[in-house]
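Observations on the three-dimensional arrangement
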Amino acid sequence: MTSPSEPRAARRSSAASPLTTPPSDAAVPVVDASAVRDMEDVGEVLGNACFGCGPDVPHGLRIRRTGHDGSTAYAEFTVQPEHQGAPGLAHGGILASAMDEILGTSAWLLGGRYVTGRLETDYLAPVPVGSVVHLTARCTGVDGRKAYIEGEARLGGPDGPIAVRAASIFIKVPLEHFTKER
Ligand SMILES: CCCCCCCC(=O)SCCNC(=O)CCNC(=O)[C@H](O)C(C)(C)COP(=O)(O)OP(=O)(O)OC[C@H]1O[C@@H](n2cnc3c(N)ncnc32)[C@H](O)[C@@H]1OP(=O)(O)O
């Protein structure tokens, strides 16, 4: 619920702009069973060097995936001193990275491989160093290669107040996107 005392962005019903709102004829997302199996060992599939979720990346976010329900993905991470921007507070780009990771996790559940095409963020409250940030994201529709995905970061628990909201388009790409020489 929002109230007039909350930031203006929080009073909008969704983080999505017209660009990240699925068209009215978008398909309902369908979760892919093999993607769910891969998710259980995502490090083995992707390698463990990911800035978002690599468990041993020294200055990474070390996001821990905690489960999913349909295309809704859940994860959490703890804001470290090396993630700060203003003294004692998480850098906005770090929080956008965390949103990218959870939105990408929801896209992963659809099967195939998706990359971020567009990422929109609303910052509603500062996030102190030391906070455990609870991340959630869900697919709101699929249109051809485009998956529309929204999510939020909450403080103080999975049902706590929203600190960041994001809306995005992820684009399905072939495996060669990652393997071709550049
Ligand atoms: C579990 C793992 C979690 C991982 C989470 C982390 C995810 C990431 O950070 S991925 C890294 C960041 N992203 C990237 O590097 C992507 C770089 N961009 C690209 O490679 C290309 O621009 C790419 C693949 C997105 C699109 O190129 P291309 O394959 O030629 O497709 P293109 O024809 O341009 O676009 C496909 C469709 O998407 C739409 N689209 C593409 N980009 C955008 C955009 N920014 N906004 C809106 N729509 C877009 C196009 O309009 C088109 O729509 P339609 O099918 O209706 O015509």
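Look up a bit, the structure's there.
The structure contained in this document is the topic of the report that follows. Since this is a predicted model, take the numbers as computed values, not measurements. (Residues numbered from 1 in each chain as written. Predicted model: local features only at pLDDT ≥ 70, side-chain atom pairs only at ≥ 80, totals over all residues. Heavy atoms only, no water.)

Here we look at the site of the ligand
Rules: Any residue with a heavy atom lying within 4 Å of a molecule or strand is counted as near it. As used in this structure description, the phrase polar contact means that two N or O atoms lie within 3.5 Å; if the pair is within protein, one of them must be able to donate a hydrogen and the other to accept it, and residues adjacent in sequence are counted only when both atoms belong to side chains. To be clear on the numbers: accessible area is Shrake-Rupley with a 1.4 Å probe, and residue cover counts the displayed protein chains and nothing else. Comment: elements are numbered from the N terminus, with helices defined as DSSP H or I runs of at least four residues and strands as E runs of at least two.
Residues in contact with the ligand amount to 16 residues; listed here are only the nearest, D100, T116, G117, R145 and K146. Between the ligand and T116, the relevant distance is 3.1 Å, taken from a nitrogen atom to a main-chain nitrogen or oxygen of the residue. Taking 1200 Å² as the accessible area of the ligand by itself, protein coverage stands at 51%. At the level of secondary structure, the elements contributing two or more residues to the shell around the ligand comprise helix 4 (92-108), strand 3 (113-123) and strand 6 (162-173).

Focus on unusual backbone geometry
Phi is positive for R62, which is not a glycine, with a value near 50°. Position of R62 relative to the elements: it lies in the loop between helix 3 (42-46) and strand 1 (64-69).

Description of the sheet that holds strand 5 (residues 146-155)
Each strand in a sheet pairs with another by means of backbone hydrogen bonds, the pair being arranged parallel or else antiparallel. Note the following rule: Criterion used throughout: strands pair if DSSP finds at least two bridges between them. Helix axes use the C-alpha atoms of the stretch in contact, all axes being lines fitted to C-alpha atoms, and the angles between their N-to-C directions lie in the range 0 to 180 degrees. Residue contacts follow a heavy-atom distance rule, with two residues in contact if any of their heavy atoms lie within 4.5 Å.
The six strands are arranged 1-2-4-5-6-3 in an open sheet whose pairing can be described as antiparallel. Edge strands, defined here as strands with exactly one partner in the open sheet, are strand 1 and strand 3. Within the sheet, the average angular offset between the axes of one strand and its neighbour, ignoring direction, is 20°. Each of strand 1, strand 2 (72-78), strand 3, strand 4 (132-143), strand 5 and strand 6 is contacted by helix 4, which is oriented at about 135° to strand 3, the strand it contacts most.

By themselves, these figures tell us nothing about what the structure is for.
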